[in-house]
2 protein chains.
Amino acid sequence: MLKHLGTQTVYFAYPPAILSSGSVVGSKEGKGPLGELFDEVLSDDYYGEVSWEKAERKMLATSIEIALQKANLTPKEVQFLLAGDLLDQTISANFAAQKTGIPFFGLFGACATIIEGLALAAMLIDGGFASRVVVASSSHYGTAERQYRFPTEQGVQRPPSAQWTVTGAAALLVGETGAGPKITHATIGKVVSLGVKDPTDLGTVMAPAAADTMVKHFQETGQNLETYDLVVTGDLGKIGVALARELAKEKGYDLGQKHADCGLLIYAPAQDTHAGGSGCACSAVVLASYFLPALQKGTFHRLLFTGTGALLSPTLTQQGDVIPALGHAVTLTR
Amino acid sequence: MLKHLGTQTVYFAYPPAILSSGSVVGSKEGKGPLGELFDEVLSDDYYGEVSWEKAERKMLATSIEIALQKANLTPKEVQFLLAGDLLDQTISANFAAQKTGIPFFGLFGACATIIEGLALAAMLIDGGFASRVVVASSSHYGTAERQYRFPTEQGVQRPPSAQWTVTGAAALLVGETGAGPKITHATIGKVVSLGVKDPTDLGTVMAPAAADTMVKHFQETGQNLETYDLVVTGDLGKIGVALARELAKEKGYDLGQKHADCGLLIYAPAQDTHAGGSGCACSAVVLASYFLPALQKGTFHRLLFTGTGALLSPTLTQQGDVIPALGHAVTLTR
C-alpha cells in the first residue's frame, strides 16, 4: 500500500526526526527580533571572503558543520546531503557539498528548497535508504539582489512590495531514530501562477502556491486548522500573507490568528525591509532556530510548515514571462 | 536494515522499472547516427517559439507527454515529476512542471540530472511513496552557449576540447510494476574537482567525478566489469573519456572495450562537434532512445549508466574559481 494520500501528500510509517540544526545569519538578521537564537551572527556580511558568493557558500558549509557538531557526528556518518540555493547553478550548495564530502543531491526549489529537502530526506529515511540525511539551504542579500534585480551599489529605489533577501544559511540533520521534532507528512506542491511578472512583488507571486498547497494538505489528510497549533509559511511577507489568507478563506480555511510567516518574524518593522524577509535562508533559519526549539520546548505541539518558492529567473523576466511559484509543506510534531 | 551498501550506493528491494520514455531532439541530433531512434526531431530549433528558451521548455514538456502517451497514462496518474535542466533557476523544468500539473521536485545536477532523478525516483517508489514517477531533463545548444560561454551569433572560435551542447529533452516514466528495464542499484556521487577552470574543457572537469563514482560502485557492490555488458557515461566526450579511463585504470578497472559514452554516440565525426556532445539532454536522449530499447531487445542485459555533471556557473568562472563536478550512477538490467 502506498504511503500516499490524495494526489500530493505522503505520510511516514516511522516518522523521521530532526535531530539537530545549524544556523548562520548576517548582521542585519542578527539585529532582528530572533537575533539571539541563531548559532552564528556575522559581523561582516563578507564573512572574511573576497566576494558575497564565497561568503554565502561558507555560511552554508558552516551551518552543516554546526548541525553535525551538535549531534556529535562527522560527515561520514551521514548518507546524503540534499541542498540548494538561489544562485545560478546552485553554486553555494555545490561547494558546500564538495567541502563536506557527503554524497549529494542538488535541489532547486527557490525559497521552498529547505522544505523540498525535508520532504525528500524523510522519504529516503522512511524508505530505508538512509539513517541520517542533512538538508541545507542558503541565501545572501548581496548575491541575490545583483543576480535577480539590481546591484545594491546602484541604489535603486525599492518598491513597498519588495522583500529583503535574508543573508543566512541553515542545515537540518534528519534521522531515523533519536530525539527531535518528527516529520509526519509532506505535501508536494504543483507549480502554479496567477500571472504576475513583477520581480519586486514576489509575495503576490508565491501566495497562490502557498494557499494551494496548504488547502490540499488539509483536504488530503482530513485535517483542519483545529489540529495545528500554527500554520507557518516561509517568506510570503506582508503582501503575500494577506493574499494567501484571502485565497485560503475562499476554500473554507480561515488561517486568521493561527498563521505566522517567517518573512514577518525575522525583521523588526523598524529595520525597513518593506514587505518583509525572503530568500532560501528566510524559512530555513527561522525553522532551525525558532520553530524547532519551540517544538522541543513544547511551546507548540504540531505545526504545518509551508515553504514557498518564486521560480523567478532574470532570463524569463527579460523575455516577458510570468513568474511561476510552488509550495511544499511538512507537518512537524513534538 | 538499510538498503545501503558502503557509503554511496543504495539497492532496491523491488527494483522499479522504466516503463516508457519520450525523446525530442534538435535538427543536428536528428542527422546524427542515432537520428532515427528519437521520437521527435525538430526541423527548426526554435520549435515554433520566439526564443530558444521557450523552445527548450516546449521540448521538455513534449517529451513528458510522449512518455505518458506511450504508457497510456494521464499526468494525474503519476505521483511526482523530478526534473531539471541547465538554465539559471531551471526554468525549463519549472515550466514543464506547470504545464503537466504533476507535483514537482526541482533538481539541479547539471548533465547528471537525469540519473540523479532516476536514483531518487527509484527510492521514492521502492520506499512506498509512489507507484509512478516521471524523470525528465533538457538542454539546448542556443540557450546553453549564450548562458555559459558566448552568444552563438558572435561566432567565437571553439577550442578542440569544447563539446557541443545537445538540443533535446527526454522523459522517463518509472513504475513500481510493469515491463521495462529495472533499476537495481544507484551510486550517489560526491562533488569532486581536479582544479580545472576552463569552461570549454568540461570533459576534463567531469572525468574525475565519473571515475570516482564508477570505482565506488564496483567496490561497494562487489561487482566488477565482468558483470556488466557495458559501462556507459553521459557526456565525457573524447577528452573526458580518455581521462576517465586513465583514472579508473589507476584504481584497477580497465574500462577498455566495455565503455561507451553518449557524448561520442550522438554525433558523427563529420558533424564537427570537436570533443563530442554534452548537456543534460545528451545522456537523457541516448538513454531513452538507444540504451533502454537495447535492454528491452536483449542487446544488453546489464548496464552501469553514469551521468556526469560539470557544476559550471558563469559567476564562478568570472570569480576565478575551479569548476566542480559530480557523477551519479544507476545499474540497469533487462
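Residues numbered from 1 in each chain as written. Chains lettered and ligands numbered in written order. Predicted model: local features only at pLDDT ≥ 70, side-chain atom pairs only at ≥ 80, totals over all residues. Heavy atoms only, no water.

### Quick notes on the overall build of chain A
(1) Moving on: Scanning chain A for helices and strands turns up ten helices and 15 strands.
(2) Moving on: Computed over C-alpha atoms, the radius of gyration of chain A comes to 18 Å, within 12% of the 20 Å expected from 2.2 N^0.38 for 334 residues, which places it in the range of a compact globule.
(3) Moving on: Based on the C-alpha atoms only, the size of chain A along its principal axes is roughly 55 × 50 × 35 Å.
(4) Moving on: Each of the 334 residues in chain A was classed as buried or not, and the buried ones make up 69%.
(5) Moving on: When the accessible surface of chain A is summed, it comes to about 10700 Å², and 52% of that surface belongs to carbon and sulfur atoms.
(6) Moving on: Of the side-chain charges in chain A, 25 are positive and 31 negative, and the distance between the mean point of each set is 4 Å. (Helix = DSSP H or I, 4+ residues; strand = E, 2+ residues; numbered from the N terminus. Rg over C-alpha atoms; globule rule 2.2 N^0.38 Å. Buried < 20%, exposed > 50% of the residue type's maximum accessible area, 1.4 Å probe, protein only. Areas by Shrake-Rupley, 256 points an atom, 1.4 Å probe, with all protein chains shown as cover. Lys, Arg positive; Asp, Glu negative; His and termini not counted. Charge placed at Lys NZ, Arg CZ, Asp CG, Glu CD.)

### Description of the side chain of Gln79 of chain B
(1) Moving on: For Gln79 of chain B, the position within the fold is in the loop between α2 (52–70) and β5 (80–85).
(2) Moving on: Here Ser131 of chain B takes part through its backbone nitrogen, which lies 2.7 Å from a polar atom of the side chain of Gln79 of chain B.
(3) Moving on: Within the structure, Gln79 of chain B has its side chain in polar contact with the backbone nitrogen of Arg132 of chain B (distance 2.8 Å).
(4) Moving on: Excluding residues within four positions of it along the chain, Gln79 of chain B makes contact with Leu2, His4 and Thr7 of chain A together with Ile102, Pro103, Phe129, Ala130, Ser131 and Arg132 of chain B. (Polar contact = N/O pair within 3.5 Å; in protein donor to acceptor, adjacent residues only side chain to side chain. Contact = heavy atoms within 4.5 Å.)

### Digging into the pattern of salt bridges
Side-chain pairs of opposite charge can arise whenever the charged atoms involved come near each other.
(1) Moving on: A complete count under the given rule lists 18 salt bridges over all chains for this structure.
(2) Moving on: Between Asp321 of chain A and Arg57 of chain B there is a salt bridge whose closest N-O contact spans 3.2 Å. Of the two residues, Asp321 of chain A sits in the loop between α10 (314–318) and β15 (325–333) while Arg57 of chain B sits in helix α2, which places them in two different chains. Take Asp321 of chain A and Arg57 of chain B: they sit in the same class, and that class is buried.
(3) Moving on: One network of salt bridges, in which partners are shared, links Lys54 and Arg57 of chain A together with Asp321 of chain B. (Salt bridge = Lys/Arg side-chain N within 4 Å of Asp/Glu carboxyl O.)

### Regarding the relation of the copies chain A and chain B
(1) Moving on: By a simple turn and slide, chain A fits onto chain B: the slide is 0.0 Å along the axis, the RMSD is 0.0 Å, and the turn is 180°. Both chain copies can therefore be described as sitting about a two-fold axis. No C-alpha of chain A approaches the rotation axis more nearly than that of Gly127 of chain A, which lies at 1.8 Å.
(2) Moving on: Taken as a fraction of all interface residues of chain A, those also at the interface in chain B reach 100%, which identifies the copy contact as same-surface. (Least-squares fit on C-alpha atoms with pLDDT ≥ 70 in both.)

Everything listed here is a matter of geometry and, on its own, says nothing about what the molecule does.
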